[in-house]
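Below, each chain spelled out in residue letters.
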Amino acid sequence: MLLGPNGAGKSTSVFALAKTVPYSGVIELNGKNIQDYKNTEYAQKIGFLSQKNLVAYDFSVAEIVSMGRYAHAEGMFKTLSNEDKSKVEEALEACGLQDLKDRSVQELSGGEVQRTFLAQVLAQDPEVLVLDEPTNNLDLVYQSQIFDLLKKWISAKDGTIISVVHDLALARFYGTSAVLLNNGKVASSGNVEEVLSDKNLNEVYKMDVKAYFKKLYTNF
């Protein structure tokens, strides 16, 4: 879990991993500079899900999810193999999109759109998922669905997820490890419970975080 106040560097960090922003220093994957990977090779290892996905095109859900397999497809015109099609079906089923696969993405709710692009990344079948606030602006039901899906993915694939999370409660409940950022620097890293200590949170957020949460949820 990548955590921290606004402007701490959370999204910049994941965009650097996605190779979509300039940065200084070196990022390595399996001992190799990520800039030395070909785009298709890197896409087989890293799957990136943005918090905002443009849907200005009239593609079906299945077509969008199928795009996740292009990194694996061969040839100039890149046709999908039976294995590719199987991965697409698995991703559609995992994200509960079987009944929507022929629908235009422009007809979907916000939660359905986010699940569609999550399915696209799952179909990509990477080693690591990099997520920028995957449940941003989603209601509680969809938040739960998305994170439960991600837990199943980790268990089934023995994979790794790096996720920016704004909600500290979600991070504590679902996270195993965490990095707490502040002003572009690492304030704390390690086990999620240790990172999200009262001392660390109060120093970074400049407030009594536990007291705030107790006050916020008093009536629940």
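To start, this report covers the structure provided alongside it. None of the values given here were measured: they were computed from a predicted structure.

### Description of helix 9 (residues 198-205)
Within the sequence span of helix 9, burial applies to Asn200, Leu201 and Val204. Down the axis of helix 9, the smallest arc covering the buried residues is 95 degrees, so these residues share one side. Lining the buried residues of helix 9 we find helix 7 (168-174), strand 7 (177-182), strand 8 (185-191), helix 8 (192-195) and helix 10 (209-216). Looking at the residues trailing helix 9, positive phi occurs at Lys206, about 55 degrees.

### Here's the deal with the packing of helix 5 (residues 110-124) against helix 6 (residues 140-157)
In contact at an axis separation of 10 Å, helix 5 and helix 6 are set at 10 degrees when each is read in the N-to-C sense. As the angle between them shows, helix 5 and helix 6 are arranged roughly parallel. Packed against helix 5, whose contacting residues are Gly111, Glu112, Arg115, Leu118 and Leu122, the element helix 6 presents Tyr142, Gln145, Ile146, Leu149, Leu150 and Trp153 at the interface. Its residues assigned to classes, the contact of helix 5 with helix 6 comprises seven nonpolar, two polar and two charged.

### Here we look at the side chain of Ser60
With respect to the helices, strands and loops of the structure, Ser60 is situated in the loop between strand 4 (46-49) and helix 3 (61-66). Judged by its relative accessible area of 13%, Ser60 falls in the buried class. In this structure, Ser60 is in contact with Lys101, Asp102, Arg103 and Ser104, ignoring residues within four places of it in sequence.

### A look at the packing of aromatic side chains
Applying the stated criterion to the full structure yields seven aromatic pairs. For the ring pair Tyr212 and Phe213, a centre distance of 5.8 Å and an interplane angle of 75 degrees mean the geometry is edge-to-face. A relative accessible area of 41% means that Tyr212 is categorised as partly exposed. A connected cluster of aromatic rings, assembled from ring pairs, spans Phe147, Phe173 and Tyr174. When the ring centre of Tyr42 is taken as origin, the NZ or CZ atom of Lys19, which lies over that ring, is 4.5 Å away. The ring of Tyr37 has Lys32 lying over it, and the distance from NZ or CZ to the ring centre is 4.4 Å.

### Some thoughts on helix 1 (residues 10-17)
Residues spaced three or four apart along an α-helix face the same direction, because each turn holds 3.6 residues. For helix 1, the set of buried residues is Lys10, Val14, Ala16 and Leu17. The buried residues of helix 1 occupy an angular sector of 155 degrees when projected down its axis, which confines them to one face. At its buried positions, helix 1 is contacted by strand 1 (2-3), helix 2 (39-43), strand 4, strand 5 (128-132), strand 6 (160-164) and strand 7. Downstream of helix 1 by a residue or two, Lys19 has a phi angle that is positive, lying close to 60 degrees.

### Looking at the nonpolar core
Within the largest apolar cluster, 43 residues are counted, with the highest numbers of intra-cluster contacts made by Met1, Leu3, Val65, Leu118 and Leu196. Per-element accounting of this core gives the leading share, seven residues, to helix 5. Beyond its immediate stretch of four places on either side in the chain, Leu3 contacts Lys10, Val165, Leu168, Ala171, Ala178, Val179, Leu180, Leu181, Leu196 and Tyr205. Membership of the second largest hydrophobic core comes to 13 residues, among which are Ile27, Leu29, Ile46 and Val128.

### So, the pattern of salt bridges
As enumerated under the stated definition, the model contains ten salt bridges in all. Taking the shortest distance from any N to any O, the salt bridge between Glu41 and Lys32 comes out at 3.8 Å. Overall, the relative accessible area of 30% leaves Glu41 in the partly exposed class. For Lys32, a relative accessible area of 28% corresponds to the partly exposed category. A salt bridge links Glu203 to Lys199; the nearest nitrogen and oxygen atoms lie 3.0 Å apart. Here Glu203 pairs with Lys199, and both are found in helix 9, just four residues apart, close to one helical turn.

Basis of the calculations
Residues numbered from 1 in each chain as written. Predicted model: local features only at pLDDT ≥ 70, side-chain atom pairs only at ≥ 80, totals over all residues. Heavy atoms only, no water. Buried < 20%, exposed > 50% of the residue type's maximum accessible area, 1.4 Å probe, protein only. Helix = DSSP H or I, 4+ residues; strand = E, 2+ residues; numbered from the N terminus. Arc of directions from axis to C-beta. Contact = heavy atoms within 4.5 Å. Axes fitted to C-alpha atoms, helices over the stretch in contact; angles between N-to-C directions. Parallel < 35°, antiparallel > 145°, perpendicular 65-115°, else oblique. Nonpolar A, V, L, I, M, F, W, Y, C, P; charged D, E, K, R; others polar. Phe/Tyr/Trp six-rings, centres within 6.5 Å; stacked < 30°, edge-to-face > 60°. Lys NZ or Arg CZ within 6 Å of the ring centre and 35° of its normal. Core = buried A, V, L, I, M, F, W, Y, C linked by side-chain atoms within 4.5 Å. Salt bridge = Lys/Arg side-chain N within 4 Å of Asp/Glu carboxyl O.

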